[in-house]
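Close look at the chain arrangement
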Amino acid sequence: MLLMLYLIAITAEAMTGALSAGRRGMDWFGVVLIACITALGGGSVRDVLLGHYPLTWVKHPEYLILTSIAALVTIFIAPLMRHLRSLFLVLDALGLVAFTLIGCMTALDMGLSMTVAAVSGVITGVFGGILRDIFCNDIPLIFRRELYASVSFAAAWCFLLCQYAGLPVEQGTLITLFGGLLLRLLAIRFRWEMPKFVYKDGH
Amino acid sequence: MLLMLYLIAITAEAMTGALSAGRRGMDWFGVVLIACITALGGGSVRDVLLGHYPLTWVKHPEYLILTSIAALVTIFIAPLMRHLRSLFLVLDALGLVAFTLIGCMTALDMGLSMTVAAVSGVITGVFGGILRDIFCNDIPLIFRRELYASVSFAAAWCFLLCQYAGLPVEQGTLITLFGGLLLRLLAIRFRWEMPKFVYKDGH
Amino acid sequence: MLLMLYLIAITAEAMTGALSAGRRGMDWFGVVLIACITALGGGSVRDVLLGHYPLTWVKHPEYLILTSIAALVTIFIAPLMRHLRSLFLVLDALGLVAFTLIGCMTALDMGLSMTVAAVSGVITGVFGGILRDIFCNDIPLIFRRELYASVSFAAAWCFLLCQYAGLPVEQGTLITLFGGLLLRLLAIRFRWEMPKFVYKDGH
């Protein structure tokens, strides 16, 4: 089931990446690259930081092909995207939580501590989007809109506490998925935001 | 011969990196750093993603010294650069194809699949320039002008198909070098571009 | 003593990172992330490039907690920061030299050459700040103001020459710390800058 979610998640993330590249007027090659980075970048950053080789897409090059196709399809159905916005928000929220879960599990499988597992979950969840924004020369969006990284953080700890409490992995996964999805959708609906830190100095 | 090409390529790439840094008015240290990143960044990203240690410049620190000297020389001969533009375009094209070939070979030597080898070639070919643009706070250029990443992609598959067809490495290398160089120079001459994806939404 | 310096350094760097995030109006989560990247990013880039696993913060997750707390404290005491500017400049200079020393030692412990050790020192010293500026979508500052990367470079070679001359590690460390700190503070006081390379072309 998590694999299924993962495939949906990388497809949805690839499509958001392709739209970002389109906003910058990139060529098709750039669109495919940004899509792959958005979908697979979070997991790659995690694996490189943890020294967890080979990376997912090196082991499963078919994921690269899937995200590339998703990017090319996006180019053609872009005019329809406007009408699918709500669907996308749900898929993106699912992806965020699924990536976070996979990041936590990867770190736990490597025998790392819970703090590192939480960080690994958040990195997997949010770094694809951060890299997308850096490559498109934007300030990363995730720190400026409704709860997003915080949902990843909450989901990571929810799963880790379920594990710590001795629940079976399947139950922890389900609880985290529903809780995380709910939190993200409520945050979008009611525009919940983290408090912002605004600092001005004489520079 | 490939080593010779590689040395020419990193020198040429270091010089384009130094000019980019100069456009931003960086100090000499920044110029050297951007030059090294442009010349050696593509191979470093590839090696980190594939877990291929030690990195080229760790094993051969003399390459770092070569690119640093190339950067410092560029500062002094910058006024001449205008007259060498065509030479540079040829050297840069040679470098693109040589980097791509080396990236493919590295992945094949590690026993990775052809899809991953092609990706490895493209990463080696184009990531130096992408990192240069990110460090200089530009939108990566390569997705906005004549065929560049696509030449790397085509060269990678040309070499891989030659290998697949059982040609000796030398022949595949030569065919790819000439084909890739020709494609890139034709693309510059006739301003061939990839189609662009332009997406506007209500954001 | 170096550990003590390291802890002071990551705390000071985390606080400068938090202030940068605040200048961009990021939310609290972004502030913590930028703080961690600024404090621990230089060492992480070094470890990933050298293949030196596990990374510092994976082995010592308490450093992550320290930098996160430093970031949150910064949010609350930000109005006081203006009055502490000189203190911060000294702490930041100390951090720069301490990071550089640690980077050199790490590379020497891995049996790498002196050139690579110097590069490792400079990467550890300055990449946290470079990553901070890239994530905040600025042109890296370090190449545009008083000697900074150059201090790291000089400190690296000072330490390496002390080692080469056969001095005990403690003496080399102390000489480098005092020399580096002095050089940085003099550079700030007298606005010493590296010469800049300004290049304009027809683009």
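Note that this is a predicted model, so its numbers are computed, not measured. (Residues numbered from 1 in each chain as written. Chains lettered and ligands numbered in written order. Predicted model: local features only at pLDDT ≥ 70, side-chain atom pairs only at ≥ 80, totals over all residues. Heavy atoms only, no water.)

As for the overall build of chain A
For chain A, the count of helices and strands is 8 helices and 0 strands. Listed by position from the N terminus, the elements making up chain A come as α-α-α-α-α-α-α-α. In terms of overall size, chain A behaves like a compact globule, its C-alpha atoms giving a radius of gyration of 17 Å where 203 residues would be expected to give roughly 17 Å. Seen through its C-alpha atoms, chain A measures out along the principal axes to roughly 50 × 50 × 35 Å. By sequence separation, contacts in chain A at least 24 residues apart represent 76% of the contacts at least 6 residues apart. A total of about 8300 Å² of accessible surface is found on chain A, and carbon and sulfur atoms cover 70% of it. (Helix = DSSP H or I, 4+ residues; strand = E, 2+ residues; numbered from the N terminus. Rg over C-alpha atoms; globule rule 2.2 N^0.38 Å. Contact = heavy atoms within 4.5 Å. Areas by Shrake-Rupley, 256 points an atom, 1.4 Å probe, with all protein chains shown as cover.)

Concerning the relation of the copies chain C and chain A
Superposition of chain C onto chain A requires a rotation of 120° combined with a translation of 0.0 Å along the rotation axis, giving an RMSD of 0.0 Å. One copy is carried onto the other by what is essentially a three-fold rotation axis. Interface overlap between copies is the fraction of interface residues in one copy that are interface residues in the other; for chain C against chain A it is only 12%, indicating separate surfaces. (Least-squares fit on C-alpha atoms with pLDDT ≥ 70 in both.)

Looking at a nonpolar patch on the surface
All names here are of chain A. Where nonpolar side chains cluster on the molecular surface, the patch consists of L182, L186, F190 and W192 and spans about 390 Å² of accessible area. Mapped onto the elements of the fold, W192 is located in the segment after helix 8 (169–189). Residue W192 is classed as partly exposed on the basis of its relative accessible area, which comes to 36%. (Patch = residues over 30% accessible without salt bridge, like charges linked within 9 Å, V, L, I, M, F, W, Y side chains within 5 Å. Salt bridge = Lys/Arg side-chain N within 4 Å of Asp/Glu carboxyl O. Buried < 20%, exposed > 50% of the residue type's maximum accessible area, 1.4 Å probe, protein only.)

Details of the packing of aromatic side chains
Across all of its chains, the model carries 24 aromatic pairs over all chains by this definition. Judged by centre distance (5.7 Å) and plane angle (80°), the rings of W28(B) and F76(B) are edge-to-face. With W28(B) in helix 2 (residues 28–50) and F76(B) in helix 4 (residues 61–81), this pair connects stretches of sequence that are 48 residues apart. An aromatic cluster of three or more residues is present, and its members are Y6(A), Y63(A) and F99(A). Over the ring of F190(A) we find R189(A); its NZ or CZ atom is 5.1 Å from the centre of that ring. (Phe/Tyr/Trp six-rings, centres within 6.5 Å; stacked < 30°, edge-to-face > 60°. Lys NZ or Arg CZ within 6 Å of the ring centre and 35° of its normal.)

Quick word on the interface of chain C and chain A
Accessible area lost on assembly of the parts is the figure often given for the size of an interface. Listed per partner, the contact involves 34 residues of chain C and 35 residues of chain A. The largest per-residue losses of area from chain C upon contact with chain A belong to D27(C), F29(C) and F135(C), which jointly make up 21% of the total buried on that side. Our enumeration of links across chain C and chain A arrives at 0 salt bridges. For the interface between chain C and chain A, the tally reads 5 residue pairs in polar contact (both at pLDDT 80 or more). The set of elements that each furnish at least two residues to the side of chain C that touches chain A consists of helix 1 (2–23), helix 2 (28–50), helix 3 (56–59), helix 4 (61–81) and helix 6 (114–135) of chain C. Among the elements that make up the side of chain C that touches chain A, the one with the highest residue count is helix 2 of chain C (8 residues). Residue classes in the side of chain C that touches chain A are distributed as 23 nonpolar, 6 polar and 5 charged. (Buried area = accessible area lost by both parts, 1.4 Å probe. Polar contact = N/O pair within 3.5 Å; in protein donor to acceptor, adjacent residues only side chain to side chain. Nonpolar A, V, L, I, M, F, W, Y, C, P; charged D, E, K, R; others polar.)

A short note on the pattern of salt bridges
Residues and elements named next belong to chain C. Under the definition given, this model contains 9 salt bridges over all chains. Residues R46 and D47 are paired through a salt bridge, measuring 3.0 Å at the closest nitrogen-oxygen approach. Judged on exposure class, the residue R46 and its partner D47 are both buried. The closest approach of N and O atoms between E193 and K196, which form a salt bridge, is 3.1 Å. Residue E193 is classed as partly exposed on the basis of its relative accessible area of 46%. With a relative accessible area of 33%, K196 lands in the partly exposed category.

A word on the nonpolar core
Counting residues in each nonpolar core, the largest one holds 216 residues, and the members touching the most others are W57(A), F127(A), W57(B), F127(B), W57(C) and F127(C). Aside from chain neighbours lying at most four places away, what touches F127(A) is G42(A), V45(A), V122(A), L33(C), I37(C) and F135(C). (Core = buried A, V, L, I, M, F, W, Y, C linked by side-chain atoms within 4.5 Å.)

Focus on the interface of chain B and chain A
Every contact between the two is made by 35 residues of chain B and, on the other side, 34 residues of chain A. Regarding the contact of chain B and chain A, the summed buried area is about 2900 Å², with carbon and sulfur atoms giving 71% of it. The interface formed by chain B and chain A holds 0 salt bridges in total. Our enumeration of links across chain B and chain A arrives at 5 residue pairs in polar contact (both at pLDDT 80 or more). Every element with two or more residues in the side of chain B that touches chain A is listed here: helix 2, helix 6 (114–135) and helix 7 (149–164) of chain B. Among the elements that line the side of chain B that touches chain A, the one with the most residues is helix 6 of chain B, at 8 residues. Residue composition of the side of chain B that touches chain A, by class: 23 nonpolar, 6 polar and 6 charged.

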